[in-house]
Amino acid sequence: MTTIASFSYATAALAFLLLSVLLSTTWRGRAHGRVLALAAAITAGSNALLAWEALHPIQWSVATDSVEILRNGAWSGFLIILLGHFEDKDSRLPFRLRPSLALIIAFYVLYFGATALGYFRLELTSEFGLMPGVAGRMGIAVLGMLLVEQLYRNKPEQERWAIKFACLGIGAMFAYDFYLYSDAMLFHQVNADIWAARGAVNALTVPLIAVSVVRSASWSAELAVSRRVMFHSAALFGSAIYLLTMGSAGYYLRYFGGSWGTVMQVTFLFGAVILLVGILFSGTFRAWLRVFISKHFYSYNYDYREEWLRFTSTLSKPGPGLGDRAVQAVGALVESSAGLMWIRQESGLFEPAASWQVALAQVSEPGDSPFCQFLDNKEWVVDLQEYEEWPSKYDDVAMPAWLQAYPRGWLVVPLMMQGRLFGFMLLMQPRSAIKLNWEVIDLLKIAGNQAASYLAQYEAANALMVARQFESFNRMSTFVVHDLKNLVSQLSLMMSNAERHKHNPEFQNDMIETVNFSVQKMKLLLQKLSRTVTPENPVALPIERLLRQAVASKGGFEPQPVLTVADAGLTVRADWERLERVVGHLIQNAIEATARDGRVEIGLARRGDSVLIRITDNGEGMSEDFIRERLFKPFESTKSAGMGIGAFESQEYIEELGGTLEVTSEQGRGSTFTIILPLLKQERQEAHTINQAA
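This is a predicted model, so every value here is computed, not measured.

A count of helices and strands for the protein gives 21 helices and 13 strands. For the protein, with 694 residues in total, the buried portion stands at 42%. Long-range contacts, defined as pairs at least 24 residues apart, comprise 69% of the intrachain contacts of the protein with a sequence gap of at least 6. Roughly 37100 Å² of accessible area belongs to the protein as shown, and the carbon and sulfur atoms make up 59% of that amount.

Okay, the pairing of strand 6 (residues 420–428) next. For strand 6, a buried count of eight out of nine residues is recorded, marking the element as mostly surrounded by other parts of the structure. Bridge count between strand 5 (residues 409–417) and strand 6: eight bridges; the pairing is antiparallel. Paired with methionine 416 across the two strands is leucine 421, which belongs to strand 6.

Positive phi values are uncommon outside glycine, yet glutamate 379 reaches one of about 60°. Along the chain, glutamate 379 falls in the loop between helix 13 (370–378) and strand 4 (382–383). Overall, the relative accessible area of 33% leaves glutamate 379 in the partly exposed class. Backbone geometry at aspartate 396 places phi at a positive 55°, although glycine is not the residue there. With respect to the helices and strands, aspartate 396 occurs in the loop between helix 14 (384–389) and strand 5.

With that out of the way, let us pick up helix 7 (residues 192–214). Each full turn of the α-helix corresponds to 3.6 residues, which orients residues three or four apart in the same direction. Given a rise of 1.5 Å per residue, 23 residues ought to cover 33 Å, and the 36 Å separating the end C-alpha atoms of helix 7 matches this to within 8%. If you look at helix 7, its biggest bend is around 35°, right at arginine 198. The N-capping residue of helix 7, defined by a side-chain oxygen 2.9 Å from the backbone nitrogen of aspartate 193, is asparagine 191.

Before going further, it helps to examine the sheet that holds strand 8 (residues 562–565). One open sheet holds the five strands; their spatial order is 8-10-11-13-12, and the pairing between them is mixed. A single partner strand is all that each edge strand has here, and the edge strands are strand 8 and strand 12 (660–666). Looking at each pair of strands side by side, their axes are set apart by 15° on average, direction ignored. Across the sheet, helix 18 (residues 576–592) lies against strand 10 (600–607), strand 11 (610–617), strand 12 and strand 13 (670–678), angled at about 25° from strand 11, the strand it touches most.

Our focus in this paragraph is the sheet that holds strand 3 (residues 365–366). Taken together, six strands build an open sheet; the order of strands is 3-2-1-6-5-4 and the sheet is antiparallel. Of all the strands in the sheet, the pair left with one neighbour each is strand 3 and strand 4. Together, strand 1 (339–344), strand 2 (349–356) and strand 6 form the strand contacts of helix 12 (residues 322–332), whose direction differs from that of strand 2 by roughly 70°. Where helix 13 meets the sheet, it contacts strand 1, strand 2, strand 3, strand 4, strand 5 and strand 6, and its direction lies at approximately 105° from that of strand 6.

A few words on helix 13. For helix 13, every residue scored as buried is listed here: Phe371, Cys372, Phe374, Leu375 and Asp376. Those residues of helix 13 hidden inside the fold are in contact with strand 1, strand 2, strand 3, strand 4, strand 5 and strand 6. Of the residues trailing helix 13, glutamate 379 is marked for its positive phi of about 60°.

Let's shift gears to the nonpolar core. Generally speaking, a soluble globular protein has its nonpolar side chains buried in company with each other. In this structure, Ile543, Leu579 and Ile602 are the most contacted members of the largest nonpolar core, which totals 37 residues. In terms of residue count, helix 18 provides more of this core than any other element does, seven residues in total. Excluding residues within four positions of it along the chain, leucine 579 makes contact with Leu541, Ile543, Leu546, Val572, Ala574, Tyr653, Leu657 and Leu677. Ranked by size, the runner-up nonpolar core spans 35 residues in total, among them Leu23, Ala37, Phe78 and Ile163.

What follows is about a nonpolar patch on the surface. Together, Leu484, Val515, Val519 and Met522 make up an exposed nonpolar region whose accessible area comes to about 250 Å². Sort the elements by how many residues they give to the nonpolar patch and helix 16 (residues 505–528) lands first, with three residues. Tracing the backbone through its elements, the reader meets valine 519 in helix 16. Given a relative accessible area of 33%, valine 519 falls into the partly exposed group.

So, on to the packing of helix 6 (residues 160–187) against helix 7. Across the interface, helix 6 lies against helix 7 with an axial gap of 7 Å and an inter-helix angle of 170°. Taken together, the axes of helix 6 and helix 7 lie roughly antiparallel to each other. Across the contact of helix 6 with helix 7, the residue classes break down as 19 nonpolar, four polar and four charged.

Right, let's talk about the side chain of asparagine 202 for a bit. If you trace the backbone, asparagine 202 turns up in helix 7. Among the residues examined, asparagine 202 registers a relative accessible area of 1% and is labelled buried. Residues in contact with asparagine 202, not counting those within four places in the same chain, are Ala12, Phe16, Asn47, Arg71 and Met173.

Right, let's talk about the confidence of the model for the protein for a bit. The predicted model of the protein has a mean per-residue pLDDT of 77, with 71% of residues at 70 or higher. Element-level mean pLDDT values for the protein span from 52 in helix 21 (residues 681–693) up to 94 in strand 11. The low-confidence segment residues 123–129 (pLDDT under 50) makes 10 contacts with residues lying over four places distant or belonging to another chain. Contacts from residues 221–225, a stretch scored under 50 in pLDDT, to residues over four places away or in other chains number 19 contacts.

With that settled, the discussion passes to the pattern of salt bridges. Note that side chains of opposite charge can pair when their charged atoms are close. Under the defined criterion, the tally for this structure stands at nine salt bridges. Notably, a salt bridge pairs arginine 599 with glutamate 601, separated by 3.4 Å at the nearest N-O pair. Note on arginine 599: relative accessible area 45%, which makes it partly exposed.

What follows deals with the environment of alanine 647. As for its position among the elements, alanine 647 is in helix 20 (residues 646–656). Sequence separation between alanine 647 and histidine 585 is 62 residues, and the spatial gap between their C-alpha atoms is 7.9 Å. Excluding residues that lie within four positions of it along the chain, alanine 647 makes contacts with His585, Leu631 and Phe632.

This brings us to the packing of aromatic side chains. For the structure on display, the rule yields 13 aromatic pairs. Ring geometry for tyrosine 9 versus tryptophan 195: centroids 5.7 Å apart, planes at 45°, classification tilted. Note that tyrosine 9 is positioned in helix 1 (residues 2–24) and tryptophan 195 in helix 7, a separation of 186 residues in sequence. Note on tyrosine 9: relative accessible area 0%, which makes it buried.

A word on the packing of helix 2 (residues 33–54) against helix 7. Between two packed helices, what matters for the description is the angle formed by their axes and the separation of those axes. Put simply, helix 2 and helix 7 touch, their axes get as near as 12 Å, and they point 160° apart. It follows from the interaxial angle that helix 2 and helix 7 lie roughly antiparallel. Two packed elements cross with a definite hand, and for helix 2 against helix 7 that hand is left-handed. Contacts between helix 2 and helix 7 involve Leu36, Asn47 and Leu50 from the first element and Trp195, Arg198, Gly199, Asn202, Ile209 and Val213 from the second. Looking at the contact of helix 2 with helix 7 residue by residue, the classes come out as five nonpolar, three polar and one charged.

The rules we used
Residues numbered from 1 in each chain as written. Predicted model: local features only at pLDDT ≥ 70, side-chain atom pairs only at ≥ 80, totals over all residues. Heavy atoms only, no water. Helix = DSSP H or I, 4+ residues; strand = E, 2+ residues; numbered from the N terminus. Buried < 20%, exposed > 50% of the residue type's maximum accessible area, 1.4 Å probe, protein only. Contact = heavy atoms within 4.5 Å. Areas by Shrake-Rupley, 256 points an atom, 1.4 Å probe, with all protein chains shown as cover. Pairing = 2+ DSSP bridges. Expected span 1.5 Å × (residues − 1). Bend = angle between axes of the 7 residues up to and from the residue. Polar contact = N/O pair within 3.5 Å; in protein donor to acceptor, adjacent residues only side chain to side chain. Axes fitted to C-alpha atoms, helices over the stretch in contact; angles between N-to-C directions. Core = buried A, V, L, I, M, F, W, Y, C linked by side-chain atoms within 4.5 Å. Patch = residues over 30% accessible without salt bridge, like charges linked within 9 Å, V, L, I, M, F, W, Y side chains within 5 Å. Salt bridge = Lys/Arg side-chain N within 4 Å of Asp/Glu carboxyl O. Parallel < 35°, antiparallel > 145°, perpendicular 65-115°, else oblique. Nonpolar A, V, L, I, M, F, W, Y, C, P; charged D, E, K, R; others polar. pLDDT = per-residue confidence, 0-100. Phe/Tyr/Trp six-rings, centres within 6.5 Å; stacked < 30°, edge-to-face > 60°. Left-handed = near helix turned anticlockwise from the far one by under 90°.

Written out as structure tokens, the structure is:
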């Protein structure tokens, strides 16, 4: 075995010596040739020393251990140079080194010094004498594999072909060392066979490195380590250190545990692995790690290219739910765990429009409130915690009372569109503490404006679609008028011939068929053309009488609707025919959604200065998604002969009157439509006075 080990390491020494000579002569003009030649020369010297010691009683001397560390350091340095971007203009360290690079250098210097002084030798002087040296070399192997992974991952796709063989060769050396020393840590001694084969394995990596040297014209030293690469590398390196620590602790548990030692070791290691998996899959941990890396390894908090690609990708996803995605995209910039959004409506109110990982709000905010005026004028991101401590910074503006319902509320982000407040978001506390500075606030402002433009474009597209649908409806009306003209022509022709042929039985039969056909045709046209064109005449009308007439017109249907009047004499201002059509449409819908043995109830009552009309049934009911997405959309209908504008027209007209239309429903239990209209107090009082005088 001694002869085999000597031959193995001698082969590696010759291979790396040849590589070093080629780099110093024939390939001396290659990129980073000097650094690579130095690393190859140190590796050749290290293998030669190990081959010489394999033939003598002295093994693993201080010189051998020190040269081994120099060899690993040379290859790590070469990888760092290939990575590039190892200086930081804002760094206070010598040569303006990046903190991560300074930590690597400090580790190598300290470990080399301790080894040179004989503290971390691999000689097995006692049962614990091997552990510090092996643990240190495992750490070096993990660091080397980490650098290889960073180098390959950070290369553009078109440049990886030039570096992949070097990464494979250098990574293989570090991976074999990790295998060697992990085996030694597990069995408390260096395996002679694995140690002897190490030289031959290293020799096999030389051709791989040589192939990459030939392609070295495509190497680049101006690569910056992206945050994603740093994040994955930090997670990998941290996991390796964690597993090494837990493995060492498991070993000591087994050693001191006696007869329970093996059970304790296995249980402890299994629990450690479960804990590691839980940590790696924790959103809070990932958020903390990203913040930590941005804070300590980069001069800016964000990789703007990556963040903007993710932001626009989230907003541009197909399908509904753009508002929810907008809240998610903005919240992800500051690791927020949830959020809500309000958008300005035509009424001037800011209505709840979307939510992400929190229940949708049920309160509105007036557009002329001090809070909205502050956001509109200042365009500031409001830190609610800072507001509580320092309200004067925000001009002592009064915050809405509904904000108290969100104790985890953190930031209010204005959504500006063409210099006007389009809406605002409320973001909840982040998973990891984030320091708000000018960079974070500016990014939130820009992201809010971008989200507002997406939402405005989405609303404009929907409005255009509705306008086109109404245009199609008007075009259809033209065809209906044309059909009516044809029917009128037929009837006119029939009437002109009636005087001459009225006693002719054949003419009478033909006339009856023509009239019947015309009636059926006009009924069909009226079903399609359900909107009248008579001018509106809003007047003060008694709502009770209108309801009784609407209910009476549905008396022939089953179930028959039942009217209950809690408060009589209520008056509203509206157009009789249009309001009756709205109420009749809602009653008809309730009848059609209810079985014949069911019930449809209409209630009239007063609430403050408003009139409440409730239309309740115990029919099929509707889902929340249907109510939110389809019920009030024009030209959306579940009926085969429906045009889908009844509910839309009802809501539009009620809102024109200054009222609201509310819907509550449960599938299988029924629905309730509540019409809320403003009450005409003055006209009601005048009518009451006239009645008394009469």
